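Coordinate analysis (summary)
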Number of protein chains: 2
Amino acid sequence: MNKEEELLKSHISRHNLKVTKERSAVLRAFLASARHITAEELYRKMKDENSSVGLATIYRTLNLFCESGLAEQRQFGDGQARYELVYNVSHHDHLICQECKRIIEFQNEEIEVLQEKVAKKNHFKIFSHKLELYGLCSDCSKVQAETK
Amino acid sequence: MNKEEELLKSHISRHNLKVTKERSAVLRAFLASARHITAEELYRKMKDENSSVGLATIYRTLNLFCESGLAEQRQFGDGQARYELVYNVSHHDHLICQECKRIIEFQNEEIEVLQEKVAKKNHFKIFSHKLELYGLCSDCSKVQAETK
DNA sequence: ATGATTATGATAATGAATTGCATTTAGTCT
DNA sequence: AGACTAAATGCAATTCATTATCATAATCAT
């Protein structure tokens, strides 16, 4: 049993929930999928792999993952929630290419420190934050420069 | 005619659109309203003030404001888009209290510089960014400490 | 003023996400 | 192992914010 499965099962037993084959299947598929997947994408992926589960269950299970601290939900402005594994993954923020939709992750401790400074100045206690940089990745800027 | 009206009219004429009493009314109400207003809130406010305009037109007009560079749309995670005046307003980011929903604006040039540095390192060209700090404002942290 | 074009309002439609409910399943207690 | 209780599932129906449709009205260049 891997770490992620353990975490989920611990959350499940602490809340008197149940381990089901659907939940296990969704977890397996989620861990094996690309980061920042949408519920719909995961649903399709599982259907293709013949480990089909209802879409409502996908949503319910992804929310369960978030409650258990395994995943986090993100909104990148395209109207669909995306889910990413955060357990045993160090914190990071995102660069989002508006052209090819590529998502690049980055870490920057200096920025985090400055955020805390801003919070302190405003007598604010930070629980979470969201930093997203939108623009063009290197590939897409090249293309734009060429087609000018 | 104020600066905001001028900007909007310039956008309108450049795109062969039309100045209507509805658009003027929405602009007036928008400028007079609290920052970070939702379409629904603006709709209610105008109804209360007997300068009623259809909800669809509110949406259309707020989008027009965004296209003209007058306003920007923001998502603070509550499922409703919020609009804020950005014309002639210096750039800032947001602290969002998860308890009382208060939104505090702040500016931090150092963070902006670091963001550019991150972008450069990733050969990424930033067009816009979003930095939101979620947590508790000073009032709400006090209440939480007391009720413990 | 005319006419072409754009805007509006009311309502229907959309799409992501959630919910209700009948049925199935998991896990516990004997 | 069997029975019981609470939770989970699938499907369809529902919700909610936002957008599209379309007939009618308003704007503005000529």
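So, how was this worked out
- Throughout, residues of each chain are indexed from 1 in the direction in which the sequence is written.
- In the order they appear in the text, chains get letters beginning with A and ligands get numbers beginning with 1.
- Residue-level local features of this predicted model are given only where pLDDT is at least 70; pairs of side-chain atoms are given and counted only at 80 or more, and the full residue set underlies all totals for whole chains, interfaces and linings.
- The basis for the side-chain values is all heavy atoms of the structure; hydrogens and waters are excluded.
- Two strands form a pair only when DSSP identifies at least two bridges running between them.
- Here a strand is any run of E in DSSP of at least two residues, a helix any run of H or I of at least four, and the numbering for each starts at the N terminus.
- Whenever a helix is involved, its axis is fitted only over the stretch in contact; in every case the axis is a line through C-alpha atoms, and angles between N-to-C directions fall within 0 to 180 degrees.
- Salt bridge, as applied in this entry: a Lys or Arg side-chain nitrogen positioned within 4 Å of an Asp or Glu carboxyl oxygen.
- With a 1.4 Å probe rolled over the protein chains alone, any residue whose accessible area is under 20% of its type maximum counts as buried; one over 50% counts as exposed, and the rest are partly exposed.
- An automatic or database domain assignment is the source of the domain bounds shown.
- Throughout, a residue-residue contact means that at least one pair of heavy atoms, one from each residue, lies within 4.5 Å.
- Take the accessible area each of two parts loses on contact, using a 1.4 Å probe, and add the two losses: that sum is the buried area.
- Two N or O atoms form a polar contact when they lie within 3.5 Å of each other; inside protein one atom must be a possible hydrogen donor and the other a possible acceptor, and for residues adjacent in sequence the pair counts only when both atoms belong to side chains.
- All residues other than Ala, Val, Leu, Ile, Met, Phe, Trp, Tyr, Cys, Pro, Asp, Glu, Lys and Arg, Gly among them, are scored as polar; the first ten of these are nonpolar and the last four charged.

1. Overview of the sheet that holds strand β5 (residues 103-106) of chain A
The 6 strands lie next to each other as β5(A)-β4(A)-β6(A)-β6(B)-β4(B)-β5(B), forming an open sheet whose pairing is mixed. The open sheet terminates on both sides in strands that have one partner only, identified here as β5 of chain A together with β5 (103-106) of chain B. Strand-to-strand twist across the sheet, computed as the mean angle between neighbouring axes with direction ignored, equals 20°. Where strand β4 (residues 93-97) of chain A and β5 of chain A come together, 4 bridges link them in antiparallel fashion. Paired with His 94 of chain A across the strands is Glu 105 of chain A, a residue of β5 of chain A.

2. Notes on the pattern of salt bridges
Under the defined criterion, the tally for this structure stands at 23 salt bridges over all chains. Glu 5 of chain B is paired through a salt bridge with Lys 9 of chain B; the nearest N and O atoms lie 3.4 Å apart. With Glu 5 of chain B and Lys 9 of chain B both in helix α1 (residues 3-14), this residue pair falls 4 residues apart, about one helical turn. Using a relative accessible area of 29% as the deciding quantity, one classes Lys 9 of chain B as partly exposed. With a shortest N-O distance of 4.0 Å, Glu 22 of chain B and Lys 21 of chain B are connected by a salt bridge. Looking at Lys 21 of chain B, the relative accessible area reads 65%, which means it is exposed. Three or more residues joined by partner-sharing salt bridges are found here, namely Arg 35, Glu 72, Arg 74, Glu 84 and Glu 105 of chain A.

3. Considering the pairing of strand β6 (residues 125-136) of chain B
Within a regular strand, side chains alternate between the sheet's two faces. Counting buried positions along β6 of chain B yields 9 of 12 residues, so the element is predominantly enclosed. Note that strand β6 (residues 125-136) of chain A and β6 of chain B share 11 bridges and pair antiparallel. By the bridge assignment for β6 of chain B, Ser 128 of chain A is matched with Tyr 134 of chain B. As paired elements, strand β4 (residues 93-97) of chain B and β6 of chain B share 4 bridges and run parallel to each other. The residue of β6 of chain B that forms the bridge with Cys 97 of chain B is Gly 135 of chain B.

4. Some thoughts on the domain arrangement of chain A
Size of an interface: often given as the accessible area lost when the parts come together. Residues and elements named next belong to chain A. By the assigned domains, chain A splits into domain 1 (3-85) and domain 2 (93-146). Counting residues at the interface gives 8 residues for domain 1 and 6 residues for domain 2. Approximately 550 Å² of surface area, both sides summed, lies buried where domain 1 meets domain 2, with 55% of it carried by carbon and sulfur atoms. The largest share of the area that domain 1 buries against domain 2 comes from His 36, Gln 75 and Phe 76, three residues that together contribute 74% of it. Linking domain 1 to domain 2 there are 1 salt bridge. Between Glu 105 and Arg 35 there is a salt bridge, with its nearest N and O atoms 2.6 Å apart. The interface formed by domain 1 and domain 2 contains 4 residue pairs in polar contact (both at pLDDT 80 or more). Classifying every residue of the side of domain 1 that touches domain 2 gives 1 nonpolar, 3 polar and 4 charged.

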